[in-house]
Amino acid sequence: MPLMTVYRPSTAKKAVFFNDLIDDTMKICVATEKPFARAAVDGIRDIVEKAGLQMSLLEKYTDKADLLSAVADADALIVRSDKVTAEVIDAAPQLKIVVRAGAGYDNVDLEACTHRGIVVMNTPGQNSNAVAELAIGMMIYMARNQFTPGTGSEISGKRLGIQAYGNVGRIVARYGAALGMKVYAFDPYANPMLFDADQVQAVSSVEELYACSDYLSIHIPATDQTRRSIGYDLICRMPKGATLVNTARKEVIDEVGLIRALEERPDIKYITDIAADAQATLNEKFGKRVFATAKKMGAETAEANIKAGLAAASQAVDFLLHGNRKFQVNK
Ligand code: 3PG
């Protein structure tokens, strides 16, 4: 059952939007199909109420209609992977800002927001450690036969490839190195000095990265350029016995190509926290060579929820009250 609650500040201050007094206390709607940890919700409410604003909370909704009615009087919207479509934007006539509490904002229709003059922000880096820990955990889980009897292997001494050297990729590289892995990375957009600083071997193409990675950890965002970019050709370049780890987005995988590669290369494994559309087929065809968590869970830690949730609340408040646009992604 979805839960919708409205919290009003005890001492209702008039909110100021770009220094113009407005009549009503502004409202920040937190809409999370996959709820934040309680401590994160309490922290968000605290920030919102201390700023003299109202907060409404919609959690565990399954019907889009609940989201549409939740945003009807919202000035700000805080979401996780919730889909903020043009329909949601249309249902929110007062909306001024959407904050995606997390890194990837492919769930937000940027064009629809920009068209309406709505600011979109993410909270970069706040949940990165949680995702990085899961990526490393997934490598060990596959190396140890999904924790079932039988001889496994160690990840120490193996080659770890990082595809995209952003906030998450950089932490995975650090943890991998600490576990004795030799770390390689490919990211044409990263500052090359980072690789030297982290003692990571930068390679010059994504093909080269796949070819040298016993474990390949994907950290690219889902964009028009990256959707379905990882398929048969890249996966087949991986060395014997390699494992592909996807804690990024399911959309970056060409699922037809993945299935074909797994068919032709019975030594390769695939693990993800974002089940493929064809996950049932993958499970049926490849058994324990593949694994997907029941729900996307990279950022599912209390710590990550608190950091991302509180950052989202502070950013929304700071924008509504002071017009601060730091972290805006639809400039
Ligand atoms: C992100 O982009 O920050 C992660 O994928 C986390 O997404 P979530 O908030 O839906 O868990």
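Residues numbered from 1 in each chain as written. Predicted model: local features only at pLDDT ≥ 70, side-chain atom pairs only at ≥ 80, totals over all residues. Heavy atoms only, no water.

Draft legend 1. Examining the nonpolar core more closely. Formed by 33 residues in total, the largest nonpolar core has its most connected members in Y210, I218, I230, I235, M238, L244 and L282. When contributions to this core are tallied by element, the ones reaching two or more residues are β10 (182-186), α8 (206-211), β12 (215-218), α9 (232-236), α10 (255-264) and α11 (279-286). Ignoring any residue separated from it by four or fewer positions in sequence, one finds L282 in contact with L258, I259, L262, A276, G287 and V290. (Core = buried A, V, L, I, M, F, W, Y, C linked by side-chain atoms within 4.5 Å. Buried < 20%, exposed > 50% of the residue type's maximum accessible area, 1.4 Å probe, protein only. Helix = DSSP H or I, 4+ residues; strand = E, 2+ residues; numbered from the N terminus. Contact = heavy atoms within 4.5 Å.)

Draft legend 2. Region of the structure containing the pairing of strand β9 (residues 159-163). The element β9 is largely enclosed, with a buried count of 4 among its 5 residues. One crossover worth recording links β9 to the parallel β10 by way of helix α6 (residues 167-178), and it is right-handed. Where β9 and β12 come together, 4 bridges link them in parallel fashion. Among the inter-strand pairings, G161 is bridged to a residue of β12, identified as L216. (Right-handed = clockwise from strand over helix to strand, strands pointing away. Pairing = 2+ DSSP bridges.)

Draft legend 3. Structural view of the sheet that holds β9. Here we have 7 strands laid out as an open sheet, ordered β11-β10-β9-β12-β13-β14-β15, and parallel in their pairing. Each end of this open sheet is capped by a strand with a single partner; those strands are β11 (201-202) and β15 (290-292). Along the sheet, helix α5 (residues 128-143) contacts β9, β12, β13 (243-246), β14 (269-272) and β15; its crossing angle with β14, the most-contacted strand, is approximately 140°. In the packing of α6 onto the sheet, contacts are made with β9, β10 and β12, and the angle to β9 comes to roughly 175°. (Axes fitted to C-alpha atoms, helices over the stretch in contact; angles between N-to-C directions.)

Draft legend 4. Region of interest: the domain arrangement of the protein chain. By the assigned domains, the protein chain splits into domain 1 (3-126 + 302-322) and domain 2 (128-292). Using C-alpha coordinates to define each centre, domain 1 is positioned 33 Å away from domain 2. Across the contact, 7 residues belong to domain 1 and 6 residues belong to domain 2. The contact between domain 1 and domain 2 buries some 480 Å² in all, and 41% of this surface belongs to carbon and sulfur atoms. Area buried by domain 1 at its contact with domain 2 is led by D106, G125 and A304, which between them contribute 68% of it. The interface formed by domain 1 and domain 2 includes 1 salt bridge. (Domains from an automatic or database assignment. Buried area = accessible area lost by both parts, 1.4 Å probe. Salt bridge = Lys/Arg side-chain N within 4 Å of Asp/Glu carboxyl O.)

Draft legend 5. Fine view of the site of the ligand. Around the ligand, a shell composed of K34, R80, S81, R100, G102, A103, G104, N127, R249, K296 and A299 is seen. Between the ligand and K34, the relevant distance is 2.8 Å, taken from an oxygen atom to a side-chain nitrogen or oxygen of the residue. Side-chain polar atom of N127 to an oxygen atom of the ligand: 2.9 Å apart, as the coordinates give it. Here the ligand has 320 Å² of accessible area as a free molecule, and 94% of this is covered by the chains. Taken together, the residues that form the shell around the ligand break down as 2 nonpolar, 4 polar and 5 charged. (Near = heavy atom within 4 Å. Polar contact = N/O pair within 3.5 Å; in protein donor to acceptor, adjacent residues only side chain to side chain. Areas by Shrake-Rupley, 256 points an atom, 1.4 Å probe, with all protein chains shown as cover. Nonpolar A, V, L, I, M, F, W, Y, C, P; charged D, E, K, R; others polar.)

Draft legend 6. Layout of α11. Of all the residues in α11, the buried ones are Q279, L282 and F286. For α11, the arc enclosing every buried residue in end-on projection is 60°, short of the 170-degree limit, so these residues lie on one face. Seen from the buried face of α11, the exposed residues on the opposite side, beyond 90 degrees, are A280 and E284. Elements that come into contact with the buried residues of α11 comprise α10, β14 and β15. (Arc of directions from axis to C-beta.)

Draft legend 7. Spatial organisation of the pattern of salt bridges. Following the criterion strictly, the structure yields 16 salt bridges and no others. D42 is the salt-bridge partner of R45, the closest N and O atoms lying 2.8 Å from each other. Placement of the pair is R45 and D42 together in helix α1 (residues 38-50), with a separation of 3 residues, close to one helical turn. The buried category is assigned to R45, whose relative accessible area is 17%. A relative accessible area of 38% means that D42 is categorised as partly exposed.

Draft legend 8. Quick look at the packing of aromatic side chains. Evaluated as defined, the whole model comprises 3 aromatic pairs. Between Y141 and F147, the aromatic rings sit 4.9 Å apart at their centres with planes inclined by 85°, giving edge-to-face as the arrangement. Aromatic pair Y165 and F195: ring centres 4.9 Å apart, planes at 45°, arrangement tilted. Of this pair, Y165 sits in the loop between β9 and α6 while F195 sits in helix α7 (residues 192-198), and the two are 30 residues apart along the sequence. Taken together through their ring pairs, the aromatic side chains of Y141, F147 and F291 make up a single cluster. The residue whose ring lies beneath K182 is Y184, and the NZ or CZ to ring-centre distance is 5.5 Å. Note that R260 overlies the ring of Y232, its terminal NZ or CZ placed 3.6 Å from the centroid. (Phe/Tyr/Trp six-rings, centres within 6.5 Å; stacked < 30°, edge-to-face > 60°. Lys NZ or Arg CZ within 6 Å of the ring centre and 35° of its normal.)

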